Amino acid sequence: MQFGLSEEQKLIVETTRAFVENELYPHEREVERTGELRRELIDELKAKAIAAGLYAANMPADVGGAGLDTVSWLLYEKELGRANYALHWTCVARPSNILLAGTPEQREKYLFPCIRGEKWDCLAMTEPGAGSDLRGMKATAVQDGSDWVLNGTKHFISHADIADFAIVFMASGEEDSPRGKRKKITAFFVDKGTKGFTVRDGYRNVSHRGYTNSILEFDDCRLPASQVLGEVHKGFEVANSWLGATRLQVGATCLGRAERALSHAIEYAAQRQQFGQQIGKFQGVSFKLADMATELKAADLMVFEAGWKYDQGTVTDQDMAMAKLKATEMLAFVADEAIQIHGGMGLMDDLPLERIWRDARVERIWEGTSEIQRHIISRALLRPFGG
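Now for a look at the structure at hand. Quick caveat: nothing in here was measured; it's all calculated off a predicted structure.

What counts, and where the lines are drawn
- Counting restarts for each chain, with residues numbered from 1 along the sequence as it is written.
- At least 70 in pLDDT is required for a residue's local features to be given in this predicted model, at least 80 for side-chain atom pairs to be given and counted, and no such filter applies to totals for whole chains, interfaces and linings, which use all residues.
- Water and hydrogen atoms were dropped before computing side-chain values, which therefore reflect all heavy atoms in the structure.
- Here a strand is any run of E in DSSP of at least two residues, a helix any run of H or I of at least four, and the numbering for each starts at the N terminus.
- In this treatment the radius of gyration is a C-alpha quantity, and the globule benchmark scales as 2.2 Å times the residue count to the 0.38 power.
- Burial classes follow relative accessibility: with a 1.4 Å probe on protein chains only, a residue under 20% of its type's maximum area counts as buried, one over 50% as exposed, and anything between as partly exposed.
- Per-residue and other accessible areas follow the Shrake-Rupley method at a 1.4 Å probe size, with only the shown protein chains counted as cover for residues.
- Positive charges come from Lys and Arg, negative ones from Asp and Glu, while His and the chain ends are left out of the count.
- To locate a charge, take NZ of a lysine, CZ of an arginine, CG of an aspartate or CD of a glutamate.
- Under the pairing criterion, centres of Phe, Tyr and Trp rings, with the six-membered ring standing for Trp, must be within 6.5 Å; the plane angle then separates stacked pairs below 30 degrees from edge-to-face pairs above 60, leaving the rest tilted.
- By definition here, charges over rings are those cases where NZ of Lys or CZ of Arg is within 6 Å of the ring centre and within 35 degrees of the ring normal.
- Should any heavy atoms of two residues lie within 4.5 Å, those residues are considered in contact.
- Grid spacing is 1 Å over the protein atoms alone, the probe is 1.4 Å, and a cavity is where that probe fits but cannot get out, while a pocket is an open set with protein on both sides within 12 Å along at least five of seven lines and lining residues have an atom within 4 Å of a point.
- Grid points are joined across faces, edges and corners, and a volume is the space filled by probe spheres set on the points.
- The residue classification treats Ala, Val, Leu, Ile, Met, Phe, Trp, Tyr, Cys and Pro as nonpolar and Asp, Glu, Lys and Arg as charged. All others, Gly included, are polar.
- Salt bridge, as used here, is a side-chain nitrogen of Lys or Arg placed within 4 Å of a carboxyl oxygen of Asp or Glu.
- One less than the residue count of a helix, multiplied by 1.5 Å, gives the span that helix is expected to have.
- To count toward a patch, a residue needs a relative accessible area above 30% and no salt bridge. Like charges then connect within 9 Å, nonpolar side chains (Val, Leu, Ile, Met, Phe, Trp, Tyr) within 5 Å.

Attention now goes to the overall build of the protein. From N to C terminus, the protein includes 12 helices and 10 strands. Taking 2.2 N^0.38 as the reference for a compact globule, 387 residues should give roughly 21 Å; the C-alpha atoms of the protein span a radius of gyration of 22 Å, in line with that estimate. With respect to the principal axes defined by its C-alpha atoms, the protein has extents near 80 × 55 × 40 Å. For the protein, the proportion of its 387 residues judged to be buried stands at 49%. For the protein, the computed accessible surface area is about 18,300 Å², with 51% contributed by carbon and sulfur atoms. Of the side chains in the protein, 47 bear a positive and 55 a negative charge, and the two mean positions are spaced by 3 Å.

Right, here's the structure in full:
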């Protein structure tokens, strides 16, 4: 494993950071204040991201993406992660990799328009009664002749309000397992405007202002068989094949935000005077900085080692769980300590720290809670002993 960056990777970092600082930072306060992203602003920044070669950069080169290896992609995600989440995720969109699992016809209808910036996708798995336990989903897809009829509710569906279609996972049957009956899952493409498909406003939340969530309702929503993504009853296999690195993406964006918070804390500690000297000279502050930097370094190494192993084909679920767990919990620690160093000023919206602190909270929940990551890790440790 090489710890240095190639010239191409350095250019990715420089280009992405410049875009974030020059194009996204200036709009953060507006989005934080209003909790909304104006469509005019989305279109303006999307055009700039496309021109800069940053839009859909997560996609392979043969479909119009940047063709980045995993480590380079994580470097890109880390830099984007410095900015307000709604700004970088919506205006510099990275279409879901699961779109690559589509048929040639589905790619033409869904994948390529997303890469060109003509459409947005959203991914719908979570339900009011099925979050971490996706096998517990109650929303159903029942075959009726050559069609499928969908019924049920999904919630916490990110940016579904602006998406042109949803990739929806539904319980489509049951099968026997060593632990009894379990749900079979099938994935579907569902276009906005399809009869029986309704998108409702979701919940106001403390994290990622401007990055909306919605409630999706399916009431006898009829789809032709051509809308199935992957094989019938193989939705989990599709998800596991194409969504594996999303936990590393979460970890990488956490690294970017933590670096930004630490940078503010170091600068403030070097400039702020109390009791006749810089507060950074007091161990109560300087030791905080040392711990913040050490935790950030450890998380950085874990995320990028997992990314490197992903490219080598040797990454394990345990590697990705450890990286996600460490990075998300590190961000919470660094954000909290950065505010403590700033005192009351850290909670004012003149600085991005209170936003980073609020935003950090959701990272330990989505894409698998910290408890789920610990379950994955401990199961891997105990499995050789029959645990």
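Below, the discussion takes up the packing of aromatic side chains. Each aromatic ring pair is summarised here by two numbers: the centre-to-centre distance and the angle between the ring planes. Applying the stated criterion across every chain, the model contains 11 aromatic pairs. Judged by centre distance (5.4 Å) and plane angle (50°), the ring pair of Tyr 85 and Trp 366 falls under tilted. Here the residue Tyr 85 occupies a position in helix α5 (residues 85-91), and Trp 366 occupies one in the loop between α11 (353-363) and α12 (370-382), the gap between them amounting to 281 residues. A relative accessible area of 5% means that Tyr 85 is categorised as buried. In this structure an aromatic cluster arises from ring pairing among Tyr 85, Trp 89, Tyr 211 and Trp 366. Over the ring of Tyr 25 we find Arg 260, and its NZ or CZ is 3.8 Å from the ring centre.

Turning next to α11. In terms of residue burial, α11 counts as a mostly covered element, since 9 of its 11 residues are buried. Residues of α11 that are buried include every one of Leu 353, Glu 354, Arg 355, Ile 356, Arg 358, Asp 359, Ala 360, Val 362 and Glu 363, and no others. On the buried face of α11, the contacting elements are α2 (28-34), α8 (246-271) and α10 (317-342).

A few words now on the layout of surface pockets. One number sums up the size of the second largest pocket: a volume of about 580 Å³. What lines the second largest pocket is a set of 26 residues, among which Gly 35, Glu 36, Gly 210, Tyr 211 and Thr 212 lie closest to the centre. Secondary-structure elements contributing two or more residues to the lining of the second largest pocket are α2, α3 (39-51) and β7 (213-224). With 3 residues, the top contributor of residues to the lining of the second largest pocket is α2. Of the residues belonging to the lining of the second largest pocket, the class tally is 5 nonpolar, 12 polar and 9 charged.

Moving on to the pattern of salt bridges. Any two side chains of opposite charge can pair, on the condition that their charged atoms come close. Per the stated rule, a full pass over the model turns up 29 salt bridges. Note that Asp 191 and Lys 109 form a salt bridge whose closest N and O atoms lie 3.2 Å from each other. Placement of the pair is Asp 191 in strand β5 (residues 180-191) and Lys 109 in helix α6 (residues 104-115), with a sequence separation of 82 residues.

Turning our attention to helix α9 (residues 283-312). The first and last C-alpha atoms of α9 sit 43 Å apart over 30 residues, in line with the 44 Å expected at 1.5 Å per residue. Buried residues of α9: Val 285, Leu 289, Met 292, Leu 296, Ala 299, Asp 300, Val 303, Phe 304, Ala 306, Gly 307 and Lys 309, and no others. Considering only its buried residues, α9 is in contact with α4 (70-80), α8 and α10. Backbone geometry just after α9 places Gly 313 at a positive phi near 80°.

Now for a nonpolar patch on the surface. Judged by side-chain polarity, Met 345, Leu 347, Met 348 and Trp 357 come together as a nonpolar surface patch covering roughly 370 Å² of accessible area. Inspection of the secondary structure assignment puts Leu 347 in the loop between α10 and α11. Here Leu 347 falls in the partly exposed class, since its relative accessible area comes to 46%.

Attention now moves to the side chain of Ser 214. Inspection of the secondary structure puts Ser 214 in strand β7. For Ser 214, the residues in contact, after removing those within four places along its chain, are Lys 154, His 155, Phe 156, Ile 157, Ala 160, Asp 161, Val 199, Arg 200, Asp 201 and Gly 202.

Phi at Asp 220 takes a positive value of approximately 50°, unusual for a residue other than glycine. Of note, Asp 220 is situated in strand β7. A positive phi angle is found at Phe 275, which is not glycine, with a value near 55°. Summarising the element assignment, Phe 275 is placed in the loop between β9 (273-274) and β10 (277-278).

Here we come to the environment of Leu 134. Here Leu 134 shows up in the loop between β1 (121-124) and β2 (140-144). The exposure class of Leu 134 is buried, given its relative accessible area of 18%. Spatially, the C-alpha atom of Leu 134 lies 9.7 Å from that of Met 170, the residues being 36 residues apart in sequence. If we skip the residues at most four places from it in the chain, Leu 134 touches Met 125 and Phe 236.

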